[in-house]
Amino acid sequence: MTDTLDAEYRTGQIKLHGPEGFEGMRKAGRLAAECLDMLTPYVVPGVSTGRLDDLAREFILDHGALPACLGYRGYTKTVCISPNHVVCHGIPGDRALREGDIANIDVTVIVDGWHGDTSRMYGVGAVAPRAKRLVDVTYEALERGLAAVKPGARTGDIGAAIQSYVESMRCSVVRDFCGHGLGRVFHDAPNILHFGHKGTGELLRPGMFFTIEPMVNLGKHPVKLLSDGWTAVTRDKSLSAQCEHSVGVTEDGVEVFTASPTGQFRPPIQSA
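Worth saying up front: this structure is predicted, and the values here are computed from it rather than measured.

Description of helix H3 (residues 129-147)
The end-to-end C-alpha separation of H3 is 27 Å, in line with the 27 Å expected for 19 residues at 1.5 Å each. Taken residue by residue, H3 has Ala-131, Leu-134, Val-135, Val-137, Thr-138, Tyr-139, Ala-141, Leu-142, Gly-145 and Leu-146 as its buried positions.

Dropping the structure here:
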């Protein structure tokens, strides 16, 4: 889940974690990835977003974990499902997914107190070429952000790598939401902006945990919040895509905690 830049759940201090933290995050991240793997065959035309939410909740509880979003600041669902022009925080319900939709599903689980937070894009049936291209650009943007993570780099290096690539592909990066620190706290310092300048921001040090979760619009970057207080959509109604990993800074690079154990982090999308 993306962080809205408020400080309600932050300590203000960037935490550095040791081996115990890495092990806890591996377990949490793996289960979160497995939850999204489980959902893949169910993301088909006609399925309701509420049904997908029910499946995710049952899976998480059956594995002895907790859904982090359920009850968080009054949120009443387990996952966020954001189709088409919904940027993030779409609330599952009666809406049925339709042929040609693209949809982001974002899940966070708590395993032994550690948070695993990840999201990925799904194509519903055959998808238009421009929608598939947007999804491809978003995944590549995440890869470029991950490649910028290493000790001695700065958070601005991540944002610059993402922004420069996305804009070179004639898309735009959402500014209103960002990645965030996590661990035993759901949303913590530091902010991970998906735009910015190299050499700026917080210094990356071994033991830092955070999410990278670029949101990319096919049109312009401004978004607006709907009256439900959660759902963010593109102002120009252009398509939006997002993908997210939880990661840790290691002594020589980055460890991705939420990699799919079955290689399904990037589900194949069929072109129309």
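The structure having been displayed, the exposition proceeds.
A word on the sheet that holds strand E13 (residues 232-234)
One open sheet holds the three strands; their spatial order is E3-E13-E12, and the pairing between them is antiparallel. Strand pairing shows two members of the sheet lacking a second neighbour, strand E3 (86-88) and strand E12 (223-225), which therefore form its edges. Direction aside, the axes of adjacent strands within the sheet are offset by 40 degrees on average. Two strands pair when backbone bridges link them, and E12 and E13 are joined in this way by three bridges, in the antiparallel orientation.

Structural notes on the packing of H3 against helix H4 (residues 155-168)
Where H3 meets H4, the closest approach of the two axes is 8 Å, and the angle between their N-to-C directions is 150 degrees. One way to sum up the angle between H3 and H4 is to call them roughly antiparallel. Here the hand of the crossing between H3 and H4 comes out right-handed. Mapping the contact onto sequence places Val-137, Glu-140, Ala-141, Arg-144 and Gly-145 in H3 and Ile-158, Ala-161, Ile-162, Tyr-165 and Val-166 in H4. Here the residues of the contact of H3 with H4 are counted per class, giving seven nonpolar, one polar and two charged.

Quick look at the sheet that holds strand E11 (residues 215-217)
With antiparallel pairing, three strands are arranged side by side in an open sheet as E7-E11-E14. At either margin of the open sheet sits one strand with a lone partner, and together these are strand E7 (172-173) and strand E14 (240-242). Note that E11 and E14 share three bridges and pair antiparallel. Its bridge partner being in E14, Met-215 is matched across the sheet by Gln-242. Helix-sheet contacts for H3 involve E11 and E14, and the interaxial angle to E14 is about 35 degrees.

Some details on the nonpolar core
One finds Ile-158, Val-166, Phe-210 and Ile-212 to be the most contacted residues of the largest nonpolar core, which totals 34 residues. Broken down by secondary-structure element, the contributors of at least two residues to this core are H3, H4, strand E10 (209-212) and strand E15 (245-249). Here this core gets eight residues from one element, more than from any other, and that element is H3.

Structural notes on the packing of helix H1 (residues 19-39) against helix H2 (residues 49-62)
It is the contact of H1 with H2, at a shortest axis distance of 10 Å, that shows an interaxial angle of 140 degrees. Accordingly, the angle class assigned to the pair H1 and H2 is oblique. As for the relative orientation of H1 and H2, their crossing is right-handed in sense. Every residue of H2 that contacts H1 at Leu-31, Glu-34, Cys-35, Met-38 and Leu-39 is listed here: Leu-52, Leu-55, Ala-56, Phe-59 and Ile-60. When its residues are assigned to classes, the contact of H1 with H2 shows nine nonpolar, no polar and one charged.

Calculation criteria
- Residues numbered from 1 in each chain as written.
- Predicted model: local features only at pLDDT ≥ 70, side-chain atom pairs only at ≥ 80, totals over all residues.
- Heavy atoms only, no water.
- Helix = DSSP H or I, 4+ residues; strand = E, 2+ residues; numbered from the N terminus.
- Expected span 1.5 Å × (residues − 1).
- Buried < 20%, exposed > 50% of the residue type's maximum accessible area, 1.4 Å probe, protein only.
- Pairing = 2+ DSSP bridges.
- Axes fitted to C-alpha atoms, helices over the stretch in contact; angles between N-to-C directions.
- Parallel < 35°, antiparallel > 145°, perpendicular 65-115°, else oblique.
- Left-handed = near helix turned anticlockwise from the far one by under 90°.
- Contact = heavy atoms within 4.5 Å.
- Nonpolar A, V, L, I, M, F, W, Y, C, P; charged D, E, K, R; others polar.
- Core = buried A, V, L, I, M, F, W, Y, C linked by side-chain atoms within 4.5 Å.

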